[in-house]
Amino acid sequence: MAKSYKIAVMPGDGTGPEVTAEAVKVLKVAADKFKFKVNLTNFDFGGERYKKTGETLPDSAIEELRKFDAILLGAIGHPDVKPGILEKGILLKARFELDQYINLRPVRLYPGVETPIKGKGPEQIDFVVVRENSGDAYTGTGGITMKGTPSEVAVQSAVYSRFQVDRCLKYAFEYAKKNGKKARGKGENNTLALCGKTNVLTFIYDLWERAFHEMGDKQYPSIKREYYHVDATCMWFVKNPEWFDVIVTGNLFGDIITDLGAMIQGGMGIAAGGNINPEGVSMFEPIGGSAPKYTGKGVINPLAAICAAQMMLEHLGEEKAGKKIEDSVKYMTANKLKSLAAGKMGYSTSQVGDLVAEKVAE
Ligand code: IPM
Ligand code: MN
C-alpha cells in the first residue's frame, strides 16, 4: 500500500499563503509521481487570527500538531502586530513545545543564481549549518529589574546543558557522516566544523568544544573536525565558502550565520530550513519572512517554500521525490528565472509553481 503522510499546513501571514500554495502544488504532483499520499490539514495561525481572537498558538493546537507527520509553514509576521508576539507565540512556541532541537539550513548556490561573492559558484558554495534550536539566549532565562528607572538592569543568559549539546552534536555528526562532502563524492573528507566563541564565551563554548571532541574521538573518528570562532566564520563564509562542509553551532550564532548563508546562496527567495525533532514532529519553512509589502501581488518567489517542501519529503524518507524537486528547482534557476528577487523573476508566483510542478511530473 502507498505510504500516506499527514501534513499540517500553516500558511501564516503576508506572502506566506501565496508561497505555501505553490509548495503544496508541487508536493501534490510529487506525491502522484512517486506514489505516496499526502493528507493535508490547514491551520490559520498567524497575525490575522491573533488580531481577531488574541490567540497565537494555543496549547490545544500543539497537542493537535503532535499527531502529524510533519508541518509545512509559510511565514509568520504581521505589520500591525508588535514584533515578538507572533515570533514567540507561534514560531518559537512550536519549536520549543515540539522540541524541534535542530534547525537545519542548507546553504547551496544553485546554477544560474547570482551570489554577491565574486568568483564563487555552485562548486564553492555548498555547505550546511546545523543550528541548535532549543537553548542559548532563546530560553528566556533572565529578566529586567528596576525597569523604567535610570538604574534598570537587563540580563538575558545563554543557557546550555550537556544534554542539549550532546543531542545536537550527535545529529550533526550523523548528518556529516551521511551527507558530508565525501559521502556526496565531492571531497576527501566528511568534515564537521564547530562554530563558537571559545575565546570569550568561556563557559558555554568550552562545554560545546569538550563535548564535540569527546564525541568525535569516541564515536566518529573518521569525520574530520574543525573549529572556527563565529566572527571568523562570517569572514570565511565570504572569503572562502568552499572550506565548509557541515557546521554545527549554538542557537544565536546559528541564527546570525544562516542569514549570511542565505545571502550568499542568492537570498531569501531560495533559502529554506527545517526545525527538526528527529524523534517527533518537524516543521519546514522558507526562512524569508512574510514580506507584507508584496502580499497579494503574485510577485513573490515561491522557490524557498518549494525547497522547504523538498526538505520535508527528504526528512520523511521520500528521498527520490525530494531529489526530483531539487533538480526541478535547479532547472528553473539555471534556465528560466531572470532573478530570484520579488517582481523580477520574469514570471508570477503561480507560474513559477506551475513550471516546477511540470518539471517534477516529467
Ligand atoms: C529564524 C528567525 C527566528 C529566530 C525569529 C523570527 C524568532 O529569525 O528562524 O531564524 O530568531 O530563530
Ligand atoms: Mn533568523
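Residues numbered from 1 in each chain as written. Chains lettered and ligands numbered in written order. Predicted model: local features only at pLDDT ≥ 70, side-chain atom pairs only at ≥ 80, totals over all residues. Heavy atoms only, no water.

Draft legend 1. Fine view of the site of ligand 1. In the vicinity of ligand 1, the contacting residues are Glu 87, Leu 91, Arg 95, Arg 131, Tyr 138 and Asp 255. Between ligand 1 and Tyr 138, the relevant distance is 2.6 Å, taken from an oxygen atom to a side-chain nitrogen or oxygen of the residue. Considered on its own, ligand 1 offers 320 Å² of accessible surface; in the complex 71% of this is hidden by protein. The pocket occupied by ligand 1, as judged from atoms lying within 2 Å of grid points, is the second largest pocket. (Near = heavy atom within 4 Å. Polar contact = N/O pair within 3.5 Å; in protein donor to acceptor, adjacent residues only side chain to side chain. Areas by Shrake-Rupley, 256 points an atom, 1.4 Å probe, with all protein chains shown as cover. 1 Å grid on protein atoms, 1.4 Å probe; cavity = no way out; pocket = protein on both sides within 12 Å on 5 of 7 lines; lining within 4 Å. Sits in = over half its atoms within 2 Å of the grid points.)

Draft legend 2. Representation of the pairing of strand S10 (residues 246-249) within the structure. The side-chain alternation of S10 yields two buried faces, one formed by Val 246 and Val 248 and the other by Ile 247 and Thr 249. Relative to S10, strand S5 (residues 126-132) runs parallel, the two being bridged by 4 bridges. Within S10, the residue paired with Arg 131 across the bridge is Thr 249. Pairing analysis gives 4 bridges linking strand S8 (residues 191-196) to S10, with the strands arranged parallel. Looking across to S10, one finds that Leu 192 is bridged to Val 246. (Buried < 20%, exposed > 50% of the residue type's maximum accessible area, 1.4 Å probe, protein only. Helix = DSSP H or I, 4+ residues; strand = E, 2+ residues; numbered from the N terminus. Pairing = 2+ DSSP bridges.)

Draft legend 3. Structural detail: the environment of Leu 337. Relative to the helices and strands, Leu 337 is located in the loop between helix H10 (319-335) and helix H11 (349-361). Taking the relative accessible area as the measure of exposure, Leu 337 reaches 10% and is therefore buried. Put simply, Leu 337 and Val 352 are 15 residues apart on the chain and 8.4 Å apart in space, counted from C-alpha to C-alpha. Apart from residues no more than four positions distant in its own chain, Leu 337 is found in contact with Asn 301, Leu 303, Met 332, Met 345, Tyr 347 and Val 352. (Contact = heavy atoms within 4.5 Å.)

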